[in-house]
Amino acid sequence: MLKNISYLNKTIGFAFLLVSMTFTVAGCGSDSTPTPTPEVQSQNAMKEAFDYLRATKDQNATVQSNLDNFNKALAKCISSNEIFANQEALLTKAYIEIGLNKTSDAHATLDTIDAQYPNKTEDEQVRALLISKENGNPSEILRYLKLSLNDSYSGLDEGLWWGMVEQLPGFIYFRTTPEYTELQKLKPVSPVAKTVSSEKVCQDNVTEYKPRWFGNQIYLEHSVVEVLDTSSAAGSMALEAFFLSLHAAFPPPVPSILALSIGATGFVYGLVDQGCGIILSDTWITPPLLFLPTSQK
């Protein structure tokens, strides 16, 4: 009888152990969400940085709120690069530091980019911008810009690259120097506006939003440009429909700054459109309404 009781106790104990192990395994397996890789965590940090940077473009933002958002974005860039080293985080960090007048920090960040990405030249144009903002040596500015220009504009669109040098406030000093005249001699002759064939195949021709290390990029497809360029009255149904669609296509405050830009300047971007739509680019450290238009491909 005692043997039977002992056997029964052992059996029940073993059963409880099996049940406990089953719940433990099931409990572990119930969390099916895998831990993001360092690269994904780094990308998520950059998405947060861009959210903070976009907030600085809000027309209703205060000087203090912009300062706070720039600093929050800066912290996210640092975190992104610490989690998974990437050039985008460092370039964005350098741009923010220039905007915050942290020139020593910006030079140090650009030195890091030079050391870690010696074959990349995006930082050369940023370095030129920084030196110009410091009213530095024009020959040095020209040298860095030539390095960038000769490397296919450092991956930037040719029109955007020239637009930055010719219009960004940071290059005002450089534009007063003889070296700027020398650089202008290297600029290709602008193509004569021509009628685009209806048979042209576009690589892009999309309406979408892309944050970049230097700023916002707003893509508007050809059909949208046609509506905006031909609408004679601000109250036209087509124009109203477009402004409503902005809120579905772009994150805030992009719709409002784009609408203000179009309303303030009139829409002449049809001259830039080559049948595949346009890209409107700005930078994080310029006024919200300073868009540089280039053609989509």
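Preceding block: the structure.
How each quantity is defined
- Starting afresh in each chain, residues are numbered from 1 along the sequence in its written order.
- Since the coordinates come from a predicted model, pLDDT governs what is reported: local features require at least 70, and pairs of side-chain atoms require 80 or more to be given and counted, while whole-chain, interface and lining totals use all residues.
- Based on all heavy atoms of the structure, the side-chain values leave hydrogens and waters out of the count.
- Here a salt bridge means any side-chain nitrogen of Lys or Arg lying within 4 Å of a carboxyl oxygen belonging to Asp or Glu.
- The helix count covers DSSP runs of H or I at least four residues long, the strand count covers runs of E at least two residues long, and both are numbered beginning at the N terminus.
- For every residue, the accessible area (1.4 Å probe, protein chains only) is compared with the maximum for its type, and the residue is labelled buried under 20%, exposed over 50%, or partly exposed between those bounds.
- One bridge is not enough; two strands pair if DSSP finds at least two bridges between them.
- Axis lines are fitted to C-alpha atoms, over the contacting stretch for helices. Their N-to-C directions set the angle, which ranges from 0 to 180 degrees.
- Contact between two residues is taken to exist if any of their heavy atoms lie within 4.5 Å; hydrogens are not considered.
- A helix is expected to reach a length of 1.5 Å times the quantity of its residues less one.

(A) Structural detail: the pattern of salt bridges. The tally for this structure, following the rule as stated, stands at 11 salt bridges. Here Asp282 makes a salt bridge to Lys57, at a shortest N to O gap of 3.2 Å. Of this pair, Asp282 sits in the loop between β3 (278–281) and β4 (292–295) while Lys57 sits in the loop between α2 (38–55) and α3 (63–83), and the two are 225 residues apart along the sequence. According to the relative accessible area criterion, Asp282 is buried, its value standing at 1%. Overall, Lys57 belongs to the buried group, its relative accessible area being 2%. In this structure, Glu140 engages Arg143 in a salt bridge whose closest nitrogen and oxygen atoms are separated by 3.2 Å. Note that Glu140 and Arg143 are positioned in helix α7 (residues 138–150) at a spacing of three residues, about one turn of the helix.

(B) Seen up close, the sheet that holds strand β2 (residues 216–220). Spatially, the four strands line up as an open sheet ordered β1-β2-β3-β4, and their pairing is antiparallel. If you trace the sheet from one side to the other, it starts and ends with β1 (208–211) and β4, each paired once. Neighbour-to-neighbour, the strand axes of the sheet open up by a mean angle of 20°, direction not taken into account. As defined by bridge partners, β3 adjoins β4 across four bridges and the pair is classed as antiparallel. By the bridge assignment for β4, Ile278 is matched with Ser295.

(C) Region of the structure containing the side chain of Ser42. By the element assignment, Ser42 lies in helix α2. For Ser42, a relative accessible area of 2% gives the class buried. Once you skip the residues sitting within four places of it in the chain, Ser42 turns out to touch Ser80, Ile83, Phe84 and Asn86.

(D) Representation of α2. Between the first and last C-alpha of α2 there are 26 Å, a value that for 18 residues agrees with the 26 Å anticipated at 1.5 Å per step. Where α2 is concerned, the buried positions are Ser42, Ala45, Met46, Ala49, Phe50, Leu53 and Arg54.

Note that every value here comes from positions in space, so none of it alone points to a role or purpose.
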